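Okay, here's what each chain looks like letter by letter:
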Amino acid sequence: MSNESNNKVTDEEALAFHAQGRPGKIQVTPSKPLMTQRDLSLAYSPGVAVPCLEIHKDPSKAFDYTTRGNMVAVISNGTAVLGLGNLGALASKPVMEGKAVLFKRFADIDAIDIEVDTSDVDAFINCVKYLGPSWGGINLEDIAGPECFIIEQKLKEVMDIPVFHDDQHGTAIICAAGLINAADLTGRKLSDMKVVVNGAGAAGIACLELMKTMGIKHENALLCDKEGVIYKGRPTGMNQWKSAHAVETKARTLADAMKGADAFIGLSAKDAVSKDMVKAMAPQPIIFAMANPDPEIRPEDVYAVRSDAMVATGRSDYPNQVNNVMGFPYIFRGALDVQATEINEAMKIAAAEALAKLAREEVPEEVSSAYAGRKMKYGPDYIIPVPFDPRLITTIPPAVAKAAMDTGVARKPIKDFRAYKMQLSGRLDPTVNTLNLIYEKVKADPKRVVFAEGEEAKVIRAAMLWRDNGYGTPVLVGRKERIEEAMLKMGISEKERKGIEINNAFVSDRNERYAELLYKKLQRKGVLHRDCVRMVKNDRNIFAACMVEAGDADVMITGLTRSYNVSLEEVRKVIDPEEGKQVFGLSILIAKGKTVFISDTTVHELPSPQELVDITVQTAAKAKAMGHEPRVALLSFSNFGNPMWEKADRIRQTVSLLDGLNLDFEYDGEMAADVALNQDMLALYPFCRLSEPANVLIMPALHSANIGYKLLQELGGGTAIGPLLCGLAKPVQIVSMSSTVSEIMNLAAIAAAEACDKQAKTKAKRTASSKKSAA
């Protein structure tokens, strides 16, 4: 159960996202080269006949010769799509594609969506059953109850691969992990706890069943639905799944059930629980209010009457979020890796216990800094890890795989779990996770972002998203009437404009102060005072940069209407380089699950050896901050002196200068790009210091850097971030003129995170200085 209600998107933005470029969210990409006739002969006829015959002799070979071992089908009939009801199979497709994307994003599992256009249980079962050989596992999704129970049970009986209804078990597993820790912190045993579950649908019943398997006693668990408590002999609103949890009790309403209860598990509806109900619970009550989009009772209302309570919700804007994405990708990862025949109760419990144990461990610095507004230490506000914790991929799959082996459902046991964990850690690119952590960091410490081109529709949209998502205050620079006219054309009402500041540089009351600031910087560079007044009033980049330099804004974003070089020139009139740092452009490319950092793609036309040294060190630091272990290649047309041409001397000198520093990352050069990126080519030079292909490329000159980066961006089929402007004393980013709203948001978030770090360092220095003075 997850609700990203504070990550707001507009209808128009959602539709544009799904329609842009190739419609939808997934595509099939060949994993083998298909360039020549020979390649095609191996991929299809006649070569394909050989693995066919091998699989016919031994069906288990399908895991060796096909995608089956890393393929999950996400299957629905659309009878219970999100909270929207029965939309039908076709309308459920965007959700199923989205689920497939999550499998890839979090666990590197290839997933395909299957929409079955029938509400007939037997027809659905037969359809899936006969398609079963295609996949290594099946994730059932958005199927209405009680049919979902029948479908899952029947498919588990007739299929030899994992069948898992995430709406039931995903929620149950995360909930169970939180309950394990809540019980631990309050000194309870599960076997002694009195639990109330409100919501007798798929998720509610699955939560209750898993809790009973883990030790909650049948007589201590009360299940409630819209009609009240499910008790033995209740005449109405019953079915076989509810009846299985009926108990002998005098309680008839939810309020009755809550009296003296140790824990409340809510999977029902907004405001189902009152403050009086919470008051009536046992000391140190445990309340998991997981209704979407709004919980049964808000945490602040719980704490208003019970300061001793421990609360979890389905929302990301409160601590202890119960989010299924911490479960299903990793559970399937572990199941697939041992070729499990099912996901059984032991595997579910293993996942829950592994997740609970992870919450008790020290939180990585990059995660805790991203959630700076929260106490990321095991306790009442941290009983469940956060969804973007990079340790999840190496924690949950091994636990699930071991449980599968222990219970005899693993066809391919893992022999070396240490090696397996290393393999898991290499499956995901840390850059994507880092971007999510960056957004969380900004949300915890919101910033004022000045958008220099405030009259542009994309900028206005980005400003609204910045405000709506709680990242801080957006400031638009431009003529107020033009901005309001643009907003009107975009259908943005006057009410929706609240929280967005507009500054017209020409008439601003800050102009005199900014002109003085600018004059102090430029007076010995041939610029008159009246020139500074004119620049501040007439140039939005100058005005916006002055806002940041003067402390009236934390971050500046520009570039949509002017070339990169022009924008950078204007910004640098106001904002100086950080002391001891080079200003340069860093471009990031993410393709085929790998990230490559490329510098300098925007600033230095022909950097000197010392400038290349500085750029190398700064780029490596940036790569490390984004979760990568830097392996730096200094590129040239030659390889380690072959040919020994004069043009490569700068690169060889750079390597010599780097050798004189005490660096904590791998680097080498000069080398060609194919040697830097290709393991086989790299092996031709056994003396090379790089242990693996490079992930940081330092280019010899701006023309090669810029051309190479843009070619890769256009032809590489990956995702590009940047160029990031590095080395300025204040956070400024220059977007490209073709940037989308999402790209503007990404650079704004990266700049805002930089502002968080800079401000934290300044605060730490002041604190240290004050302590020193006091001493």
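Because the structure is a prediction, the values reported are computed rather than measured.

**Notes on the sheet that holds strand E20 (residues 719-726)**
Alright, step 1. Strands sit in the order E18-E17-E19-E16-E15-E20 across an open sheet of six strands; the sheet is mixed. What marks the edges here is a single partner per strand, and that holds for strand E18 (666-671) and E20. Shown here is a sheet whose adjacent strand axes are inclined to one another by a mean of 20°, direction ignored.
Alright, step 2. As defined by bridge partners, strand E16 (residues 594-599) adjoins strand E19 (residues 696-698) across three bridges and the pair is classed as parallel. Paired with Ile-598 across the two strands is Leu-697, which belongs to E19.
Alright, step 3. Along the sheet, helix H30 (residues 702-715) contacts strand E15 (584-591), E16 and E20; its crossing angle with E20, the most-contacted strand, is approximately 150°.

**Considering the confidence of the model for the protein chain**
Alright, step 1. This prediction gives the protein chain a mean pLDDT of 90; 98% of its residues lie at or above 70.
Alright, step 2. Counting contacts from residues 1-6, a segment whose pLDDT is below 50, to residues more than four positions away or on other chains yields 29 contacts.

**A short note on the packing of aromatic side chains**
Alright, step 1. Applying the stated criterion across every chain, the model contains 13 aromatic pairs.
Alright, step 2. Plain terms: the ring middles of Phe-640 and Phe-687 are 5.0 Å apart, the flat faces sit at 80° to each other, and that makes the pair edge-to-face. One end of the pair, Phe-640, is in the loop between strand E17 (631-635) and helix H27 (649-659); the other, Phe-687, is in the loop between helix H29 (679-682) and E19, with 47 residues separating them in the sequence.
Alright, step 3. Look at Phe-640 and you get partly exposed, because its relative accessible area is 22%.
Alright, step 4. Residue classification places Phe-687 among the exposed residues on the basis of a relative accessible area of 53%.

**Digging into helix H24 (residues 540-549)**
Alright, step 1. The element H24 is extensively covered by neighbouring structure, given that eight of its ten residues are classed as buried.
Alright, step 2. The complete set of buried residues in H24 reads Asn-541, Ile-542, Phe-543, Ala-544, Ala-545, Cys-546, Met-547 and Val-548.
Alright, step 3. A side-chain oxygen of the first residue of H24 lies 2.9 Å from the backbone nitrogen of Asn-541; this N-cap is Asp-539.
Alright, step 4. Residue Gly-551 follows H24 closely and has a positive phi angle near 85°.

**Re unusual backbone geometry**
Alright, step 1. Of note, the bond from Ser-45 into Pro-46 is cis; its omega dihedral lies within 30 degrees of zero at 10°.
Alright, step 2. As for its placement among the helices and strands, Pro-46 is situated in the loop between helix H2 (37-43) and helix H3 (49-57).
Alright, step 3. Cis geometry is found at the peptide bond from Gly-722 to Pro-723, where omega equals 10°.
Alright, step 4. Relative to the assigned elements, Pro-723 resides in strand E20.
Alright, step 5. One non-glycine residue with positive phi stands out, namely Asn-320, at about 60°.

**Notes on the environment of Gly-78**
Alright, step 1. With respect to the secondary-structure elements, Gly-78 resides in the loop between strand E1 (71-76) and helix H5 (93-107).
Alright, step 2. Taking the relative accessible area as the measure of exposure, Gly-78 reaches 0% and is therefore buried.
Alright, step 3. Residues Gly-78 and Ala-91, spaced 13 residues apart in sequence, show a C-alpha to C-alpha distance of 7.0 Å.
Alright, step 4. Beyond its immediate chain neighbours, meaning those up to four positions away, Gly-78 contacts Gly-85, Asn-86, Leu-87, Gly-88, Ala-89, Ser-92 and Asp-142.

**Examining the pattern of salt bridges**
Alright, step 1. All chains considered together, the criterion is met by 47 salt bridges.
Alright, step 2. With a shortest N-O distance of 2.9 Å, Lys-242 and Asp-225 are connected by a salt bridge. Taken as a pair, Lys-242 in helix H10 (residues 240-243) and Asp-225 in strand E6 (residues 221-225) lie far apart in primary sequence, 17 residues in all.
Alright, step 3. Overall, Lys-242 belongs to the buried group, its relative accessible area being 14%.
Alright, step 4. The closest approach of N and O atoms between Lys-441 and Asp-757, which form a salt bridge, is 2.9 Å.

**Let's talk about the packing of helix H20 (residues 457-468) against helix H31 (residues 741-774)**
Alright, step 1. At a closest axis distance of 9 Å, the pairing of H20 and H31 adopts a crossing angle of 50°. When the interaxial angle is binned, H20 and H31 end up oblique. H20 and H31 meet at a crossing whose hand is right-handed. Taken together, the residues of H31 that come into contact with H20 (itself represented by Lys-458, Arg-461, Ala-462, Leu-465 and Trp-466) are Val-741, Ile-744, Met-745, Ala-748, Ala-749 and Ala-752.

**Section: the pairing of strand E5 (residues 195-198)**
Alright, step 1. Taking every second residue as pointing to the same face, both faces of E5 are buried, with Val-195 and Val-197 on one and Val-196 and Asn-198 on the other.
Alright, step 2. Relative to E6, E5 runs parallel, the two being bridged by four bridges. Bridged to Val-196 within E6 is Leu-222.
Alright, step 3. The parallel pair E5 and E6 is bridged by helix H9 (residues 202-213), and the resulting crossover is right-handed.
Alright, step 4. Here four bridges tie E5 to strand E8 (residues 263-266), and the two strands are oriented parallel to one another. When the sheet's bridge partners are listed, Val-195 is paired in E8 with Ala-263.

**Looking at the sheet that holds E1**
Alright, step 1. The parallel open sheet is built from four strands, whose spatial order is E2-E1-E3-E4. For this open sheet the edge positions go to strand E2 (110-115) and strand E4 (163-165), each flanked by a neighbour on one side alone. With strand direction ignored, the average angle separating the axes of adjacent strands in the sheet is 25°.
Alright, step 2. One ladder, built from three bridges, connects strand E3 (residues 137-140) with E4; its direction is parallel.

**Details of a nonpolar patch on the surface**
Alright, step 1. Residues Leu-82, Leu-84 and Leu-87 make up a contiguous nonpolar surface patch of about 320 Å² in total accessible area.
Alright, step 2. Within the element layout of this structure, Leu-84 appears in the loop between E1 and H5.

**Side note on the side chain of Thr-654**
Alright, step 1. Relative to the helices and strands, Thr-654 resides in helix H27.
Alright, step 2. Polar side-chain contacts of Thr-654 include one of 2.7 Å to the backbone oxygen of Arg-650.
Alright, step 3. With residues up to four places along the chain from it excluded, the contact list for Thr-654 reads Pro-609, Leu-612, Val-613 and Leu-634.

Rules and cut-offs
- Residues numbered from 1 in each chain as written.
- Predicted model: local features only at pLDDT ≥ 70, side-chain atom pairs only at ≥ 80, totals over all residues.
- Heavy atoms only, no water.
- Pairing = 2+ DSSP bridges.
- Helix = DSSP H or I, 4+ residues; strand = E, 2+ residues; numbered from the N terminus.
- Axes fitted to C-alpha atoms, helices over the stretch in contact; angles between N-to-C directions.
- Contact = heavy atoms within 4.5 Å.
- pLDDT = per-residue confidence, 0-100.
- Phe/Tyr/Trp six-rings, centres within 6.5 Å; stacked < 30°, edge-to-face > 60°.
- Buried < 20%, exposed > 50% of the residue type's maximum accessible area, 1.4 Å probe, protein only.
- Polar contact = N/O pair within 3.5 Å; in protein donor to acceptor, adjacent residues only side chain to side chain.
- Salt bridge = Lys/Arg side-chain N within 4 Å of Asp/Glu carboxyl O.
- Parallel < 35°, antiparallel > 145°, perpendicular 65-115°, else oblique.
- Left-handed = near helix turned anticlockwise from the far one by under 90°.
- Right-handed = clockwise from strand over helix to strand, strands pointing away.
- Patch = residues over 30% accessible without salt bridge, like charges linked within 9 Å, V, L, I, M, F, W, Y side chains within 5 Å.
- Areas by Shrake-Rupley, 256 points an atom, 1.4 Å probe, with all protein chains shown as cover.

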